[in-house]
Structures are given as structure tokens and as C-alpha cells.
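# Descriptive structure summary
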Amino acid sequence: WSQVVSEAEKIVGYPTSFMSLRCLLSDELSNIAMQVRKLVGTKHPLLDTARGFVYDSRNNLQMRGLVILLISKAAGPSTAELSFQHSMVSGIYSSQRSLAEITELIHTAFLVHRGIVNIGELKSCDGPLKDMQFGNKMAVLSGDFLLANACTSLAQLQNTKVVELISSAIGDLVQGIYYENSKSAEEDSLTDDIGISTWKEQVFLSHSALLAKSCQAAMELAKHSAEIQDMAFQYGKHMSMSHKLHSDLQPFVKEGSSDSMAFSLNSAPAVLHQELLGREAWIKQIRELREAIKAGKGVTSAIDLCRRHGKRALAALEHFPPSEARATLANIVYAVTRFP
């Protein structure tokens, strides 16, 4: 995965790990960073999010912007936009680079907002109550600041359809996170009766919509046809679904993973296992679920589903002309659909 990302960054012209650095180094965020230092010594999740801006080799926080730049380069200039080709750098329009930054800012804003803790569930070892309340305020304010910057830059693109697409993606994110939080707040969420179709809907809202609609918006900025826009949307959707499935599968397929390795009961293998096993048996097996999933068909079904989404992403890529950028987009799919 790291090798694919490194090669992709060479193709688009600069390391996308610094994509939102311009905003992150602003005076306003510098002041926020100084305030966040007060949380050192506590277990407030905002600290982990802040560390992730500097280094996060596992989750690749800037992956979305990188994909947008790659698919922009893969599509190339539109025949309807020949007069604006002088504004392209390395085969990518400046407006498409701005869109990649905007997408990253939106994603980062929601990461920060997810770091708000439930004060009622805190333990004494988490940190002083006053510090944790302060951390929540900083998470709200700094997340809002990033989102406001993204929306301002979005308006500057002066494209109504792009504004509509990205605004709807923000709405999807809010709805997806609401579903996640409402499920985790329920006492019986451990045995929640969720099917794979519902899982797909929720994952699309919280993980795939932003990338899919941003890929489509990048094609709109270059005035590509409706067909190419749809293929870009399909690539973004199915590649990000594969990415989420790949992440869900790691506790079950990773070589040498320990018994204490965390996994979610709302992950794809768990949901598929519940569907295949039946509701009654699922409740009986809840305490020994992890080993049951590893031994059952949930893992292999999730791997198959991951690969099916990968194939659909690759099929969408076939509508773009062969290029180094297209090959790298395919390599990203291969990286998240390969299992030991």
C-alpha cells in the first residue's frame, strides 16, 4: 500500500501528505495547536487525531485527495475545455487540485469532530473532567474551522454542480456518522440485527460518498461527459468500499494478529457471519464471536465482496484512456483487494 501511494504521489506531482498543509499552518490553526497542547497527559482522542496529521502510515489520511488527482490525470483534458489547457500542471487542472484539497479538509474536519467524547462515560484514568470538556470544545471549534475553510474554497470554484455534489456528500457524512453513533449508544447494539445491504448503505454514507462524489466533481470541473462522470463516481464508490472491507478484515486475516486485536461487531465479516448463521445462533455465540468468525464463512464472504467491489472499480477505469495515472489507480485497487 505504501509503495502504491509513493508511486501515485510521483505521478500527480507532489506529496499529498502535505495537501492541506497550507491550511494547517495558518495562524488560526497554529493558535488551536497551542491550545491542544493542554490536553497532553490525558486520553482525549483529539490528541491522536492531531498526531495523525503528522504521521499515519496505516490509514493514509490523505488517500482521498490522491485518488482525485489521479483520476483527474487519468481522464485528461476534455475536448470541451481545450481553451483552458494552459492552466493544467502535470495533466491536472488547478481547480481539480483545489477540489482535492477541499475533500481532504472536509474529511479532516469530520475526523476532528469524531474525537468528541461522551463526558458521561469517562473514567478517572482518562484525565481531569475540566481538561476533557476543554478537549471537546477544541474538537468542535477546530473541526468547524476546517469545514468553513473547505466551504469557502468550494464556493471559489464557481461551479454550481460541484457545490451541489460536495454539499450532498457532507450531508451523507453527517447521516452516516449519526447512524454509527445511534447504534453504538444502544444497549443491545452488540446483537443488532443488521444485514449486509444495510451495512453497505451505511458504509457508503460514512466512507464512500465523499470520495465518489468528489471524483465525479473532478470530471465536472474538466467538463467531461456524463458517462465519464459516472465512471469516476463508480470508481470512487467501489474502491472506497474495498478499502473499508480490507480494513474490516485485518483482525481476521492478518498474519500473527493477537487475540486482543480490536474489531467491530459492525464490521463486514461480523455482519455477514450473522446473516449466514441466523439471529438465534448469533446471540448464543456472541462471547466467542471473533474465533467463530475466523472459522466461519464471514471472512471468505467479505473477501469475495471486497474483490467484487474492486472488479467494479477496475471496470469503471476501463472507460479512461491508458496512462500511468490509470495504472496507478488500478494498483490502488489491487492493494486493497490482496489478502495473504
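Residues numbered from 1 in each chain as written. Predicted model: local features only at pLDDT ≥ 70, side-chain atom pairs only at ≥ 80, totals over all residues. Heavy atoms only, no water.

As a reminder of what qualifies: UniProt positions are given in the numbering used here, feature names are shortened, and annotations may be inferred rather than shown by experiment.
The protein goes by DLP1 synthase in an unreviewed UniProt entry, where it is assigned to Rostratula benghalensis. Under the Sequence similarities (unreviewed entry) heading, UniProt states for the protein: "Belongs to the FPP/GGPP synthase family."

### With respect to the overall build of the protein
Stated formally: Numbered from the N terminus, helices here are DSSP runs of H or I no shorter than four residues, and strands are runs of E no shorter than two. For the exposure calls, accessible area comes from a 1.4 Å probe over protein chains only, and a residue counts as buried if that area is under 20% of its type's maximum, exposed if over 50%, partly exposed in between. Only the protein chains shown count as cover for residues, and the accessible areas themselves come from Shrake-Rupley with a 1.4 Å probe.
Counting secondary structure elements, the protein contains 15 helices and 2 strands. Counting across all 340 residues of the protein, residues that qualify as buried make up 51%. With the model as given, the accessible surface of the protein reaches about 16800 Å², and the carbon-plus-sulfur share is 53%.

### Comments concerning helix 14 (residues 298-317)
Heads up, the rule is: Take the residue count of a helix, subtract one, and multiply by 1.5 Å to get its expected span.
Counted at 1.5 Å a residue, the expected span for helix 14 with its 20 residues is 28 Å, and the 29 Å between its end C-alpha atoms agrees. Taken residue by residue, helix 14 has Gly298, Val299, Ala302, Ile303, Leu305, Cys306, His309, Gly310, Ala313, Leu314, Ala316 and Leu317 as its buried positions.

### Remarks on the side chain of Lys244
Applied cut-off: Whether two residues are in contact is decided by their heavy atoms, any of which lying within 4.5 Å being enough.
Here Lys244 shows up in helix 10 (residues 226-253). In contact with Lys244, other than residues within four places in its own chain, are Trp199, Val203 and His207.

### Quick word on the packing of helix 5 (residues 63-75) against helix 9 (residues 196-221)
The cut-off we apply is this: The angle between two axes is taken between their N-to-C directions and runs from 0 to 180 degrees, where each axis is a line fitted to C-alpha atoms and a helix contributes only its stretch in contact. Roughly parallel refers to an angle under 35 degrees, roughly antiparallel to one over 145, roughly perpendicular to one between 65 and 115, and oblique to any angle outside these ranges. Take the far helix as the reference: if the near one is turned anticlockwise from it by less than a right angle, the crossing is left-handed, and if turned clockwise, right-handed. For this scheme, ten residues count as nonpolar: Ala, Val, Leu, Ile, Met, Phe, Trp, Tyr, Cys and Pro. Four count as charged, namely Asp, Glu, Lys and Arg, and the remainder, Gly too, count as polar.
The contact between helix 5 and helix 9 brings their axes to 9 Å, and the two run at 30°. When the axis of helix 5 is compared with that of helix 9, the two are roughly parallel. For helix 5 against helix 9, the interelement crossing comes out right-handed. In this structure, helix 5 uses Arg64, Val67, Ile68, Ile71, Ser72 and Ala75 to contact helix 9, whose residues at the interface are His207, Leu210, Leu211, Ser214, Cys215, Ala218 and Met219. Considered class by class, the residues forming the contact of helix 5 with helix 9 number 9 nonpolar, 3 polar and 1 charged.

### Focus: the pattern of salt bridges
Applicable threshold: Just to be clear on terms, a salt bridge is a Lys or Arg side-chain nitrogen sitting within 4 Å of an Asp or Glu carboxyl oxygen.
In total, this model carries 3 salt bridges according to the counting rule given. Close ionic contact of Lys223 with Glu220 constitutes a salt bridge, the shortest N to O distance being 3.6 Å. Note on Glu220: relative accessible area 11%, which makes it buried. With a closest N to O distance of 2.8 Å, Lys244 and Asp248 form a salt bridge. Of this pair, Lys244 and Asp248 both sit in helix 10, 4 residues apart, roughly one helical turn.

### As for the packing of aromatic side chains
For the record, the criterion: Only the six-membered ring of Trp is used, alongside the rings of Phe and Tyr, when aromatic pairs are assigned; centres must lie within 6.5 Å, and planes under 30 degrees apart are stacked while those over 60 apart are edge-to-face, with the rest tilted.
Tallied over the entire structure, the rule returns 1 aromatic pair. With 6.3 Å between their ring centres and 55° between their planes, Phe204 and Phe233 make a pair best called tilted. Note that Phe204 is positioned in helix 9 and Phe233 in helix 10, a separation of 29 residues in sequence. Here Phe204 and Phe233 have matching classes, each one buried.

### Focus on unusual backbone geometry
Non-glycine residue Gln158 carries a positive phi angle of around 55°. Even without glycine at this site, Lys223 takes up a positive phi of about 60°. If you trace the backbone, Lys223 turns up in the loop between helix 9 and helix 10.

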